[in-house]
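What follows is each chain in one-letter form.
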Amino acid sequence: MAVLNIPTQAFPDQRPGTSGLRKKVTIFQQPHYLENFVQSIFEAIPDRMGKTLVLGGDGRFFNREAIQIILRMAAANGWGKVMVGRGGLFSTPAVSAVIRAHRAHGGIILSASHNPAGPDHDFGIKYNISNGGPAPEKITDAIWAGSKNIQSFRILDTADVDIDHEGHFQLGDMAVEVCDPVSDYAALMARIFDFDALRRLFAGPFRMRFDAMHAITGPYALEILENQLGAVPGTVINGIPLTDFGGGHPDPNLVYAKSLADALFAEDAPDFGAASDGDGDRNMILGRRFFVTPSDSLAVLAANATHIPAYQTGLKGIARSMPTSQAADVVAQQLGIPHYETPTGWKFFGNLLDAGKITFCGEESFGTGSDHVREKDGLWAVLAWLSIIAASGKSVADIVVQHWQDFGRHYYTRHDYENIPASAGEEIMKTLSVQLPILVGQTLAGRVVQKADDFAYTDPIDGSISSHQGIRLLFEDGARLIVRLSGTGTEGATVRIYHEHLEQDAARQQLDPQRILRDLITLGKDLTRIEQLTGRKAPTVIT
Ligand code: G16
């Protein structure tokens, strides 16, 4: 089999975003588009020779074609072995687990996460490093730089290979192992959690519904929840991954997972509901007639972590992304452990986890995880909640309401204005930035502004600095208003406005967040002039 060196021309738009390169499928289908980016990844990993790469994706449209191309390119670029999930499938947390379990050098994940799939929708690709986590900025910057100067790519001249049956074969000089995408991950979960306790929970009257949204978590949830833990058949719905995710939008929130939310708010609701996203790293947690905001979920899991065998000796520390509510900080303070505030993006937790500074981390964008892998992990969060329910014998609502009484409630809501023109997104951020110097000391929405800045982060482990990570207004009473542009969209710009207010009075802790936060919501709209600059009267998504 000959190695071909194919001349190519650079594309100017291959800059990785918050989580890899995400574009429309039609863009990835342009001749050489995928190949250029993959070659740029490989060039950014010069010590790859003879090492092992893990490869798989969430099964969306173009997954299978991309796997074949990447296998042939890996064989032509010196990798020693590729471990590919059967059918080309792997959830994002499973790739992280497999990289770590098999001491692989890195992994390529094919996914555009929660973005819709299909010929007219989105595709994505990202590289994870040997700790199992997303490549840090110095690597993504090198990939981007390489993509702008690329002149050729290397690929093995050979036919497609069989990725649908487990086994081993050679592809040129490179070994390929087609492996079960679920088993390593399921074994890891069995080591972290007390599966016997969870079996006892499911053996009783407890009922749950897990919506896999026709994305990658179906096979994982079926194996773990129904096969291993004995949840009644039918607990997992929409469990078969489809290339178009059944036409849905696998973003586990109250808008896109509405049918699950409706079921949990119905008369005959199950006790517990959960959903995951396209690639299995996000999670949404619901109780009977109760929605748990992701920021609260992190705080509740941290406060109750000792119920879970793997965390019985306590947590080393907790980290959250900057826009995530401060609920977890309060738990950390009470536990007497450190807490960290990082920019948006799971990659920023990697150094803290590797250095043993934190055990749990999470983001408002429905991401929660621990030091067991280096990605957020949807099913892990579900099993963690089930463990707390099993140990406490309480409902989700009782657990959270008790948490608010103990730690205060951080009322929280995020308003997204999706798909606005990119120029309007920039204008909004500029409009707000120029006001920053005069905002401090002013009384706005009935609160005094204590600090107004553009968030910058210095990594405490390697000293790297990440600037322009979102504009923050911090108020004297602890409330916060944050505005940033999403780094994961594929069309135009998405503005996210985050609102947060702490309520210590138990009598006022069970009110509608939209009502409680109304003054901050109005302030955010006024300061950004979002209505005037976009013509939008209301956000696209409220979470
Ligand atoms: C990715 C990142 C997360 C981030 C989220 C939203 O998640 O891994 O760290 O919070 O995007 O980012 P943004 O606000 O920039 O759109 P996922 O699940 O899309 O991979």
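Computed from a predicted model, the values in this text were never measured in an experiment.

(A) View of the overall build of the protein chain. Along the backbone of the protein chain there are 18 helices and 27 strands. A compact globule built from 543 residues should have a C-alpha radius of gyration of about 24 Å, and the protein chain, at 23 Å, falls within 12% of that. The C-alpha extent of the protein chain, read off along each of the three principal axes, is 70 × 60 × 40 Å. Counting every position in the protein chain, which comprises 543 residues, the buried fraction comes to 59%. Within the protein chain, residue pairs in contact and separated by at least 24 positions form 72% of the contacts whose partners lie at least 6 positions apart. Within the structure as shown, the protein chain displays about 20100 Å² of accessible surface, and the carbon and sulfur contribution to it stands at 49%. Taking the average location of the 49 positive side-chain charges in the protein chain and that of its 62 negative ones, the two points are 3 Å from each other.

(B) Region of the structure containing the pairing of strand 9 (residues 174–179). Most of strand 9 sits inside the fold, with five of its six residues counted as buried. Two elements, strand 4 (residues 81–89) and strand 9, share five bridges in a ladder whose sense is parallel. Looking across to strand 9, one finds that valine 84 is bridged to valine 178. Relative to strand 9, strand 8 (residues 167–171) is paired through five bridges, and the arrangement is antiparallel. Bridging across to strand 9, glycine 167 finds its partner in valine 178.

(C) Up close: the site of the ligand. Looking at the ligand, there are 19 residues lining it, with Glu363, Arg484, Ser486, Thr488 and Arg496 nearest. Serine 113 has a polar side-chain atom sitting 2.8 Å from an oxygen atom of the ligand. Taking glutamate 363, its side chain carries an N or O atom lying 2.5 Å from an oxygen atom of the ligand. Contact with the protein chains removes 98% of the 460 Å² of surface that the ligand exposes when unbound.

(D) A look at the UniProt feature "domain: Alpha-D-phosphohexomutase alpha/beta/alpha" (unreviewed entry) in the protein chain. The UniProt feature table records "domain: Alpha-D-phosphohexomutase alpha/beta/alpha" (unreviewed entry) at residues 14–151, 185–286 and 295–407. As annotated, residues 185–286 comprises 35% helix and 15% strand, and the C-alpha atoms at either end are separated by 24 Å. A helix fraction of 44% and a strand fraction of 14% characterise residues 295–407, whose end C-alpha atoms lie 13 Å from each other.

(E) Examining the domain arrangement of the protein chain more closely. If you check the domain split of the protein chain, you get domain 1 (3–180), domain 2 (185–407) and domain 3 (409–542). Inter-centroid distance (C-alpha atoms) of domain 1 to domain 2 is 28 Å. On the domain 2 side, the residues contacting the 32 residues of domain 1 number 32 residues. Across the interface of domain 1 and domain 2, roughly 2300 Å² is buried in total on both sides, 60% from carbon and sulfur atoms. Among the residues of domain 1 in contact with domain 2, Asp58, Pro93 and His114 are the three that bury the most area, contributing 24% of the side total.

(F) Structural context of the sheet that holds strand 3 (residues 52–57). The seven strands are arranged 2-6-5-3-4-9-8 in an open sheet whose pairing can be described as mixed. Whereas interior strands pair on both sides, the edge strands pair on one side only; in this sheet they are strand 2 (21–24) and strand 8. Along the sheet, successive strands turn relative to each other by an average axial angle of 20°, direction set aside. Inspection of the sheet shows strand 3 paired to strand 4 by five bridges, in the parallel sense. Paired with threonine 52 across the strands is lysine 81, a residue of strand 4. Relative to strand 6 (residues 122–128), helix 2 (residues 33–43) is tilted by about 15°, and along the sheet it contacts strand 2, strand 3, strand 5 (106–110) and strand 6. The sheet contacts of helix 3 (residues 63–76) involve strand 3, strand 4, strand 5, strand 6, strand 8 and strand 9, and relative to strand 4 the element is tilted by about 170°.

(G) Looking closely at the pattern of salt bridges. Within this structure, the stated rule accounts for 30 salt bridges. In this structure, the salt-bridge partner of lysine 258 is aspartate 262, at a minimum N-O distance of 2.9 Å. Highlighted residues: lysine 258 and aspartate 262, both in helix 9 (residues 258–264), separated by four residues, approximately one helical turn. Through salt bridges with shared partners, one network takes in Arg320, Asp329, Glu341, Asp453, Arg472, Arg480 and Glu500.

(H) Here's a closer look at the packing of helix 2 against helix 5 (residues 137–149). The contact between helix 2 and helix 5 brings their axes to 8 Å, and the two run at 130°. As summarised for this structure, helix 2 and helix 5 are arranged oblique, according to the angle between their axes. Of the two elements, helix 2 crosses helix 5, and the hand of that crossing is right-handed. Along the contact surface, helix 2 presents Phe37, Ser40 and Ile41, while helix 5 presents Ile143, Gly146 and Ser147. Here the contact of helix 2 with helix 5 is built from residues that sort into three nonpolar, three polar and no charged.

(I) Representation of the sheet that holds strand 12 (residues 272–276) in the model. The strand order 11-10-12-13-14 describes an open sheet built from five strands, whose pairing is mixed. A strand with exactly one partner marks an edge of an open sheet, and here the two such strands are strand 11 (236–237) and strand 14 (290–292). Here two bridges tie strand 10 (residues 208–211) to strand 11, and the two strands are oriented parallel to one another. If you follow phenylalanine 210 over to strand 11, its bridge partner there is valine 236. The strands that helix 14 (residues 396–407) touches are strand 12, strand 13 (283–287) and strand 14; relative to strand 14, the one it contacts most, it runs at about 55°.

Cut-offs and rules
- For every chain, the first residue of the written sequence is number 1, and numbering continues from 1 along that sequence.
- Predicted model: local features are reported for residues with pLDDT of at least 70 only, side-chain atom pairs are reported and counted for 80 or more only, and whole-chain, interface and lining totals are derived from all residues.
- Excluding hydrogens and water, the side-chain figures rest on all heavy atoms present in the structure.
- For the purposes of this entry, the term helix denotes a DSSP run of H or I that reaches at least four residues, the term strand denotes a run of E that reaches at least two, and both are numbered from the N terminus.
- Each radius of gyration is computed over the set of C-alpha atoms, and the globule rule expresses the reference value as 2.2 Å times the number of residues to the power 0.38.
- Type-normalised accessible area, obtained with a 1.4 Å probe on protein chains alone, sets the label of each residue: buried when under 20%, exposed when over 50%, and partly exposed for intermediate values.
- Throughout, a contact is declared for two residues whenever any of their heavy atoms are within 4.5 Å.
- We get accessible surface area from the Shrake-Rupley algorithm with a probe of 1.4 Å; when it comes to residues, only the shown protein chains can shield them.
- For the purpose of counting charges, residues Lys and Arg are taken to be positive, whereas Asp and Glu are taken to be negative. His and the chain ends are not included.
- Charge positions come from single atoms, namely NZ of Lys, CZ of Arg, CG of Asp or CD of Glu.
- Here the rule is simple: two strands pair whenever DSSP picks up at least two bridges between them.
- By convention in this text, a residue qualifies as near a molecule or strand provided that one of its non-hydrogen atoms is within 4 Å of it.
- A 3.5 Å cut-off defines polar contacts: any pair of N or O atoms within that distance qualifies, except that in protein one atom must be a possible hydrogen donor and the other a possible acceptor, and neighbouring residues in sequence count only when both atoms are side-chain atoms.
- UniProt positions are given in the numbering used here, feature names are shortened, and annotations may be inferred rather than shown by experiment.
- Residue ranges assigned to each domain were obtained from an automatic or database domain assignment.
- Buried area: the sum, over both parts, of the accessible surface (1.4 Å probe) that disappears when the two are put together.
- Inter-axis angles, ranging from 0 to 180 degrees, are taken between N-to-C directions of lines fitted to C-alpha atoms, where helices are fitted over the stretch in contact.
- Whenever Lys or Arg places a side-chain nitrogen within 4 Å of a carboxyl oxygen from Asp or Glu, that contact is recorded as a salt bridge.
- Each angle receives one of four descriptions, namely roughly parallel if under 35 degrees, roughly antiparallel if over 145, roughly perpendicular if within 65 to 115, and oblique otherwise.
- Here is the rule for handedness: rotate from the far helix to the near one, and if that takes an anticlockwise turn smaller than a right angle the crossing is left-handed, while a clockwise turn gives right-handed.
- Three residue categories are used. Nonpolar comprises Ala, Val, Leu, Ile, Met, Phe, Trp, Tyr, Cys and Pro, charged comprises Asp, Glu, Lys and Arg, and polar comprises the others, including Gly.

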